[in-house]
Amino acid sequence: TSDFTGRTVLVTAAAQGIGRASAIAFAQAGALVYATDINEAALAALPVRENLVVETLDVRSEGAVRALVDRIGAVDVLFNCAGIVHAGDILAMKDEDLDVAIDINVKAMIQTIRAVLPAMIERRDGTILNMASVASSVKGVPNRFAYGVTKAAVIGLTKSVAADYVAYNIRCNAICPGTVESPSLQERMRAQGDLEQTRAVFISRQPIGRLGTPEEIADLAVYLAGATYTTGQAVAIDGGWTI
Ligand code: NAD
């Protein structure tokens, strides 16, 4: 179903990019949306309305996550969108980068899921979306070691949760985008030096011939949140990158 009236949705990393587009899409679908992020300034630029509430939240803080979930009450849809990209292969990667990637891309997701699950179990209803990537167990991507390791873990934790809670009418799916236009992608492209050339390289990975838009990924998030016969899946949305 695509009508989320009466439903509460919690989105992490909702200040920009895919999280922001998803918060807006769920609000347009009628849900009460809690759009959360650490970036207060960017959150303040969201089109806040009656059913789109912004909250500062660092997903690395289990205490803050629990406090927010306690305040919200039952969450019907959790969209774990927060994630961080580091460059480097296994030899170039800094250990600190791997620790940060594990904390944000994996442990934080586990914490938010743990925070919302008890109420979902009690009500025998709930759906969880986790942001992975095709750069994961789906596909090896050069120079993305910490990212690939942690996004593969996202798919693993998604399937585990799906298996454990399917009997409680709780579904858990992962979204695996290809290359999507977003503020952090812009930064990564600029960091490479020649912006136009790097952009062309990023585009050329997708046979469809362009980058994805945050809105396209948001549409999939809304679809999966209402896809009552789909659980435990890692759904690619990648412009044909993994054809
Ligand atoms: P982005 O990277 O531009 O923005 C990320 C947001 O996360 C920012 O608003 C930032 O403030 C927030 N954030 C960072 N650390 C946080 C923390 N500790 N707590 C709460 N919020 C935090 O957005 P994006 O590129 O759309 O990426 C969103 C998700 O999609 C990430 O998980 C990313 O790995 C994934 N993804 C992106 C692409 C892409 O090409 N853009 C492709 C595949 C997967």
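Residues numbered from 1 in each chain as written. Predicted model: local features only at pLDDT ≥ 70, side-chain atom pairs only at ≥ 80, totals over all residues.

Peer 1: Before we go on, may I ask you to explain the overall build of the protein chain in this structure?
Peer 2: Tallying secondary structure elements over the protein chain gives 8 helices and 7 strands in all. The C-alpha atoms of the protein chain give 17 Å as radius of gyration, which agrees with the globular expectation for 243 residues (18 Å, within 12%). Within the protein chain, the proportion of its 243 residues that are buried is 46%. In the protein chain, of all internal contacts separated by at least 6 residues, the share reaching a separation of at least 24 is 69%. (Helix = DSSP H or I, 4+ residues; strand = E, 2+ residues; numbered from the N terminus. Rg over C-alpha atoms; globule rule 2.2 N^0.38 Å. Buried ≥ 20, exposed ≤ 12 C-beta atoms within 10 Å, placed from the backbone. Contact = placed C-beta atoms within 7 Å.)

Peer 1: Any chance you could explain the site of the ligand here in plain terms?
Peer 2: In the vicinity of the ligand there are 30 residues, among which Ala13, Gly17, Gly83, Ser182 and Ser184 approach most closely. Within the residue set of the shell around the ligand, elements represented by two or more residues are helix 1 (17-28) and helix 6 (183-191). Grouping the amino acids of the shell around the ligand by side-chain chemistry returns 17 nonpolar, 10 polar and 3 charged. Each of two domains, domain 1 (8-177 + 214-235) and domain 2 (180-211), supplies a minimum of three residues to the shell around the ligand. (Near = placed C-beta within 6 Å. Nonpolar A, V, L, I, M, F, W, Y, C, P; charged D, E, K, R; others polar. Domains from an automatic or database assignment.)

Peer 1: Looking at this structure, I do not really get the environment of Leu52. What am I missing?
Peer 2: On the secondary structure map, Leu52 appears in strand 3 (residues 52-56). Counting along the chain gives 24 residues from Leu52 to Gln28, while the straight-line C-alpha distance between them is 9.3 Å. Excluding anything up to four places from it in sequence, Leu52 contacts Ala23, Ala27, Val33, Ala35, Leu46 and Pro47.

Peer 1: Would you mind going over the sheet that holds strand 4 (residues 77-80) with me for this structure?
Peer 2: Hydrogen bonds between backbone groups are what pair the strands of a sheet, and the pairing can be parallel or antiparallel. Spatial ordering of the open sheet is given by 3-2-1-4-5-6-7, a layout of 7 strands whose pairing is parallel. The open sheet has two edge strands with one neighbour each: strand 3 and strand 7 (234-237). Between one strand axis and the next, the sheet turns through 20 degrees on average, direction left out of account. Both strand 6 (residues 170-177) and strand 7 contribute to a ladder of 4 bridges, which runs parallel. Residue Ile175 lies in a different strand from strand 7, and its bridge partner there is Val235. (Pairing = 2+ DSSP bridges. Axes fitted to C-alpha atoms, helices over the stretch in contact; angles between N-to-C directions.)

Peer 1: How should I be thinking about the nonpolar core in this particular structure?
Peer 2: Counting 75 residues, the largest nonpolar core has Val11, Ala23, Val33, Ala35, Ile175 and Ala221 as its most contacted members. Top element by residues in this core is helix 5 (residues 145-165). It accounts for 10 residues. In this structure Ala23 touches Val11, Ala14, Val33, Ala35, Leu46 and Leu52, once residues within four positions along its chain are discounted. (Core = buried A, V, L, I, M, F, W, Y, C linked by C-beta atoms within 7 Å.)

Peer 1: Can you help me understand the domain arrangement of the protein chain in this one?
Peer 2: The parts lose accessible area when they come together, and the size of an interface is often stated as this lost area. As assigned here, the protein chain comprises domain 1 (8-177 + 214-235) and domain 2 (180-211). Measuring from the centre of the C-alpha atoms in domain 1 to the corresponding centre in domain 2 gives 23 Å. At the level of elements, helix 1 and helix 8 (214-225) are the ones that each hand at least two residues to the side of domain 1 that touches domain 2. Class assignment for the residues of the side of domain 1 that touches domain 2 results in 5 nonpolar, 2 polar and no charged.

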